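# A closer look at the structure
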Amino acid sequence: MEVLDLIRPIFVKLTPYSSARDEYSGKEGVFLDANENPFSSVTGESFNRYPDPYQWACKEKLAKIKGVKPEQIFLGNGSDEAIDHLIRITCTPKEDNILILPPTYGMYKVCADIQEVGIQEAPLTEDFEIDPDTVFDSINAATKIIWICSPNNPSGNSLDREAILQIVKAFPHKMVVVDEAYVDFSSEPSFIQELDKYPNLVVIQTFSKAWGMAGLRIGTAYAHPEIIKILNKVKYPYNLNQLTQAKLLESLDKEEQKNTYVKEILALRDQLEESLKPLAEKIFPSQSNMLLVRFKDAKALFHYLLGQKVIIRDRTSVILCKDCLRITIGTAEENKILLEKIEEFYKK
């Protein structure tokens, strides 16, 4: 299979916008090409020049950490940018569809709806696991992308690796996207290591969770270089600003700190799970930084906690999540307050 067969012809042929930094990528010179302010910014900082549109310094450093080539990396304004663009380059509006495995991350459907792309659903089992037969039965000729979130949101579990690979192998003419936003908390290896075997595979990750940089909005997609070239065609020219790129470069030298955060969060998750057992009806297994918990009177508990300024997520109306609330792991003090307020609720 030619990897570009996965892409809509309009984007294969597209001539992208050529920015000033496409024509000259050097750092030194007399820059009179981009209609920039020649002085410093009004803040007194050097933000008056456009940033590298392809973030090569960041990609080169990140590539060494992830074991890929810089040409296999797309950097976006959060992983939502990659999600939006992947649907755009593969799906023709009002004709094609994507397959999702609910309950799952809501932006897959939102991005598809915005672009008038259809939705096929292959729900997970009651244990939040993939049923390959359901997936196979839900795919049709118009299906262009199969979205798999692992570890899954909101359930927190890693999905069966062999089932995912079975899907990737069975549908080489469809793009399979594995969203690994929570992979740093999982004992399962990343699917990034499978990229060179399967040109239809795309892996999405983020710096918002384990790296603690949600406020900077940095998402990544790892894929065949030809897919990355297409993503770079359709993105806004300067989609990652100068300050964000600088902070990303800084963070990539602090992977050990990220790993320390992960260990602390996992320990706190185990402690919180143990403490919640007498209060909950069921706690679902998690390989992420969240717990999906089934409570008695969950809706009322959610609103009580909200009134106490303890904010968690109400998932009670989500498929397979009846009476479930999703709890992000906080600090030891935050988790202590949460437990106290839940105990207060049930003592009323």
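Attention here is on the structure that accompanies the text. Everything quoted here is computed from the prediction, not taken from an experiment.

### Remarks on the overall build of the chain
Looking only at helices and strands, one finds 12 helices and 11 strands in the chain. Taking 20 Å as the expected radius of gyration for a compact globule of 348 residues, we find that the chain reaches 22 Å, a close match to that expectation. With the C-alpha coordinates aligned to their principal axes, the bounding extent of the chain is approximately 70 × 55 × 35 Å. Long-range pairs, those at least 24 residues apart, make up 69% of the contacts in the chain between residues at least 6 apart in sequence. Surface summary for the chain: the accessible area is close to 17000 Å², and the carbon and sulfur share equals 51%.

### With respect to the packing of helix H11 (residues 298–307) against helix H12 (residues 332–347)
It is the contact of H11 with H12, at a shortest axis distance of 10 Å, that shows an interaxial angle of 125°. It follows that H11 is oblique to H12 by the angle criterion. For the pair H11 and H12, the crossing hand works out as right-handed. Contact residues: H11 offers Ala300, Leu301, Tyr304 and Leu305, while H12 offers Leu338, Lys341, Ile342, Glu344, Phe345 and Tyr346. Here the residues of the contact of H11 with H12 are counted per class, giving eight nonpolar, no polar and two charged.

### Observations concerning the pairing of strand E11 (residues 324–328)
With four of its five residues buried, E11 lies for the most part within the structure. In terms of strand pairing, strand E9 (residues 290–294) meets E11 through five bridges, oriented antiparallel. Residue pairing in the sheet places Leu291 in a bridge with Ile327 of E11. Sheet analysis places strand E10 (residues 313–314) next to E11, joined by two bridges and oriented antiparallel. Paired with Arg313 across the two strands is Arg326, which belongs to E11.

### Quick look at the pairing of strand E5 (residues 175–179)
Counting buried residues in E5 gives five out of five residues, a clear majority hidden from the surface. Both faces of E5 are covered, namely the face carrying Met175, Val177 and Asp179 and the face carrying Val176 and Val178. Note: strand E4 (residues 143–149) against E5, five bridges, orientation parallel. What sits directly across from Ile145, in E5, is Met175. Remark: the E4/helix H7 (residues 161–170)/E5 crossover connection has right-handed handedness. As judged from the four bridges shared by E5 and strand E6 (residues 201–206), these two strands associate in the parallel manner. Looking at E6, one finds that Asp179 is bridged to Ile204.

### Comments concerning the nonpolar core
Ranked by size, the top nonpolar core spans 43 residues in total, and within it Ile130 and Ile148 carry the most contacts. Of all elements in the fold, only helix H3 (56–66), strand E1 (73–76), E4, H7, E5 and E6 reach the threshold of two or more residues within this core. Ranked by the residues each element gives to this core, the list is headed by H7, at five residues. Those residues in contact with Ile148 that lie beyond four places of it in its chain are Leu101, Ile130, Leu159, Ile164, Ile167, Val176, Val177, Val178 and Asp179.

### With respect to the layout of surface pockets
In this approach, a probe sized like a water molecule rolls over the atoms, and the result shows the empty space that is left. Estimates place the volume of the largest pocket at around 580 Å³. Along the walls of the largest pocket sit 20 residues, with Arg21, Lys27, Tyr50, Pro51 and Asp52 positioned nearest its centre. Counting only elements with at least two residues in the lining of the largest pocket, the list comes to helix H2 (20–23), H3 and helix H9 (242–251). Of all the elements, H9 adds the most residues to the lining of the largest pocket, at four residues. Across the lining of the largest pocket, the residue classes tally to nine nonpolar, six polar and five charged. Of the voids in this model, the second largest pocket is the one considered here, and its volume is about 250 Å³. Residue lining of the second largest pocket: 13 residues in total, with Val310, Ile311, Ile312, Thr328 and Glu334 positioned closest to the centre. Of all the elements in the fold, those that place two or more residues in the lining of the second largest pocket are E11 and H12. Per element, the largest residue contribution to the lining of the second largest pocket is four residues, and it comes from H12.

### Quick notes on H12
Between its terminal C-alpha atoms H12 stretches 23 Å, which fits the 22 Å expected from 16 residues at 1.5 Å a residue. All of the buried residues along H12 are Asn335, Leu338, Leu339, Lys341, Ile342 and Phe345. The buried residues of H12 occupy one face: seen down the axis, they fall within an arc of 165°. Exposed positions of H12 whose direction lies more than 90 degrees from the buried face are Ala332 and Lys347. Packing partners of the buried residues in H12 comprise helix H10 (255–276), H11 and E11.

### Quick notes on the sheet that holds E9
Sheet architecture is open: four strands sit in the order E8-E9-E11-E10, paired in antiparallel fashion. Edge positions in the sheet fall to strand E8 (282–283) and E10, since each of these pairs with one other strand and no more. Lying on the sheet, H10 is in contact with E8, E9 and E11; it crosses E9 at an angle near 10°.

Rules and cut-offs
Residues numbered from 1 in each chain as written. Predicted model: local features only at pLDDT ≥ 70, side-chain atom pairs only at ≥ 80, totals over all residues. Heavy atoms only, no water. Helix = DSSP H or I, 4+ residues; strand = E, 2+ residues; numbered from the N terminus. Rg over C-alpha atoms; globule rule 2.2 N^0.38 Å. Contact = heavy atoms within 4.5 Å. Areas by Shrake-Rupley, 256 points an atom, 1.4 Å probe, with all protein chains shown as cover. Axes fitted to C-alpha atoms, helices over the stretch in contact; angles between N-to-C directions. Parallel < 35°, antiparallel > 145°, perpendicular 65-115°, else oblique. Left-handed = near helix turned anticlockwise from the far one by under 90°. Nonpolar A, V, L, I, M, F, W, Y, C, P; charged D, E, K, R; others polar. Buried < 20%, exposed > 50% of the residue type's maximum accessible area, 1.4 Å probe, protein only. Pairing = 2+ DSSP bridges. Right-handed = clockwise from strand over helix to strand, strands pointing away. Core = buried A, V, L, I, M, F, W, Y, C linked by side-chain atoms within 4.5 Å. 1 Å grid on protein atoms, 1.4 Å probe; cavity = no way out; pocket = protein on both sides within 12 Å on 5 of 7 lines; lining within 4 Å. Points joined across faces, edges and corners; volume = space filled by probe spheres on them. Expected span 1.5 Å × (residues − 1). Arc of directions from axis to C-beta.

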